[in-house]
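# Residue-level structural notes
Here's the letter readout for the chains.
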Amino acid sequence: SKTAAVSDKTAQLKREGKEILSLSVGEPDILPAPAVMKAAHAALDAGHVKYTETAGLKSLREAICDYLRASKGVSYEPQQI
């Protein structure tokens with residue numbers, strides 16, 4: 001995969017002594033906010049352990065549309081998100 005190729009290249013450059021700030025894999029060095037941790041635990045406890053559909057959860061895309069309409073005054077349909 002392209003992600004693995006970028007990670008391999010990053011590791012190679014680090015071995016060569018180059019200073020690299022890799023944004024390819026998404027492994028944060030800080031803990032999420034407590035509210036995020038609590039929501040994640042609740043989702044896992046509720047059995048939400050599968051990948052979402054490729055486009056993402058429709059309810060989330062609808063909520064994003066609502067947020068953008070209310071806060072930015074722009075309109076999108078869920079299939080555009």
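Residues numbered from 1 in each chain as written. Predicted model: local features only at pLDDT ≥ 70, side-chain atom pairs only at ≥ 80, totals over all residues. Heavy atoms only, no water.

### What about the overall build of the protein chain?
Across its full length, the protein chain holds three helices and zero strands. Along the protein chain, from the amino end to the carboxyl end, the secondary structure elements read α-α-α. Dimensions of the protein chain along its principal axes, counting C-alpha atoms only, are 50 × 35 × 25 Å. Taken across its 81 residues, the protein chain has 9% of its residues classed as buried. (Helix = DSSP H or I, 4+ residues; strand = E, 2+ residues; numbered from the N terminus. Buried < 20%, exposed > 50% of the residue type's maximum accessible area, 1.4 Å probe, protein only.)

### Things to note about the side chain of Arg61
Looking at where Arg61 falls in the secondary structure, it is placed in helix α3 (residues 58-72). Of the residues examined, Arg61 reaches a relative accessible area of 10% and is grouped as buried.

### Focus: the confidence of the model for the protein chain
For the protein chain, mean pLDDT is 91; residues scoring 70 or higher make up 96% of the total. Looking over the protein chain, one finds the lowest element-wise mean pLDDT in helix α1 (residues 2-15), namely 88, and the highest in α3, namely 97. (pLDDT = per-residue confidence, 0-100.)

### Description of the pattern of salt bridges
Per the counting criterion, the structure on display carries four salt bridges. Ionic pairing is found between Arg61 and Glu53, a salt bridge with its closest N-O pair at 3.7 Å. The salt bridge involving Lys58 is made with Glu62; its shortest N-O contact spans 3.8 Å. Taken as a pair, Lys58 and Glu62 lie in helix α3 at a separation of four residues, close to a single helical turn. Relative accessible area serves as the criterion here: at 34%, Glu62 is assigned to the partly exposed category. (Salt bridge = Lys/Arg side-chain N within 4 Å of Asp/Glu carboxyl O.)

### Looking at α1
In a regular helix each residue adds 1.5 Å, so 14 residues correspond to 20 Å; α1 covers 20 Å between its end C-alpha atoms and thus fits that length. Directly beyond the C-terminal end of α1, a positive phi value near 90° is found at Gly17. (Expected span 1.5 Å × (residues − 1).)

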